[in-house]
Amino acid sequence: MSEPTAAQQRILDAAAVCFGERGFHGTTTRDIAKQAQLSPAVLYVHYPTKEDVLYEISRAGHVAALEILRAAAGRGGTPTEQLGELAHDFALWHARSHAIARVVNYELGALTPEHYQEIASLRRQMEQVTRDVLEAGLLTGEFALANPSLTALAVLSLSVDLGRWFRTAGAWQPEDIAKHYRELAIRMVAAP
């Protein structure tokens, strides 16, 4: 898909704020238009339904997260380094983008079945990147774990949950969390 126009980006940014504050079902298209400082008619020109807006936010967020995981896993040398990079960068993105992350991860149930399947495919790719690193660590003997698939979900879930609780005005900064999550992920799987 092409990059959003300026008007589309205003709508997406406004919708992310509204969905993050009120949830998908608690937000009206008028709320989004008001937040974007546009008329409801302009919103409908770009996105025929509120679900189309949510889908675009979700798709863009999942594509960004997948790219982050792939790049991070590609930077490390050993599986331990790869896992550290992956956990760090995924947590950093979720903390820095916590408002978007909250919408992307917690409003999936409002997507149409077709849109949900596309997002589910992206999520499976994210799990696969993580699982590949874990399985590589098993082969080298760096990791000790019984179930790479379940462990991949656990590693990713650490960061996904940041969208629910992290706030910029809180006690921890995004980089602090990312460093800590790097250590947690490695400790979770390190061979004795």
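What counts, and at which threshold
- Residues numbered from 1 in each chain as written.
- Predicted model: local features only at pLDDT ≥ 70, side-chain atom pairs only at ≥ 80, totals over all residues.
- Heavy atoms only, no water.
- Helix = DSSP H or I, 4+ residues; strand = E, 2+ residues; numbered from the N terminus.
- Expected span 1.5 Å × (residues − 1).
- Buried < 20%, exposed > 50% of the residue type's maximum accessible area, 1.4 Å probe, protein only.
- Salt bridge = Lys/Arg side-chain N within 4 Å of Asp/Glu carboxyl O.
- Core = buried A, V, L, I, M, F, W, Y, C linked by side-chain atoms within 4.5 Å.
- Contact = heavy atoms within 4.5 Å.

Observations concerning helix α5 (residues 79-96)
Taking 1.5 Å per residue as the helical rise, α5 with its 18 residues ought to reach 26 Å, and the 25 Å between its terminal C-alpha atoms agrees with that figure. Judged by how many residues are buried, α5 sits mostly within the fold: 15 of 18 residues are covered.

Section: the pattern of salt bridges
Per the stated rule, a full pass over the model turns up seven salt bridges. A salt bridge links E85 to R182; the nearest nitrogen and oxygen atoms lie 3.1 Å apart. A residue pair is termed long-range when its members are at least 10 positions apart, and E85 in helix α5 and R182 in helix α10 (residues 174-189) qualify at 97 residues. Residue R164 pairs with D161 through a salt bridge whose shortest N-O separation is 2.7 Å. Classification of R164 as partly exposed rests on a relative accessible area of 49%. By relative accessible area, which is 25% here, D161 ends up partly exposed.

What to know about the nonpolar core
Counting 48 residues, the largest nonpolar core has F19, I32, V53, I57, L83 and L86 as its most contacted members. Listing elements by their share of this core, those giving two or more residues are α1 (6-22), α2 (29-36), α4 (50-75), α5, α6 (98-106), α7 (113-140), α8 (148-160) and α10. Looking at this core, the element that brings in the most residues is α4, giving nine residues. Apart from residues no more than four positions distant in its own chain, L83 is found in contact with V133, L134, F143, V155, A185, I186 and V189. In this structure, L162, F166, A178 and Y181 belong to the second largest nonpolar core, which totals eight residues.

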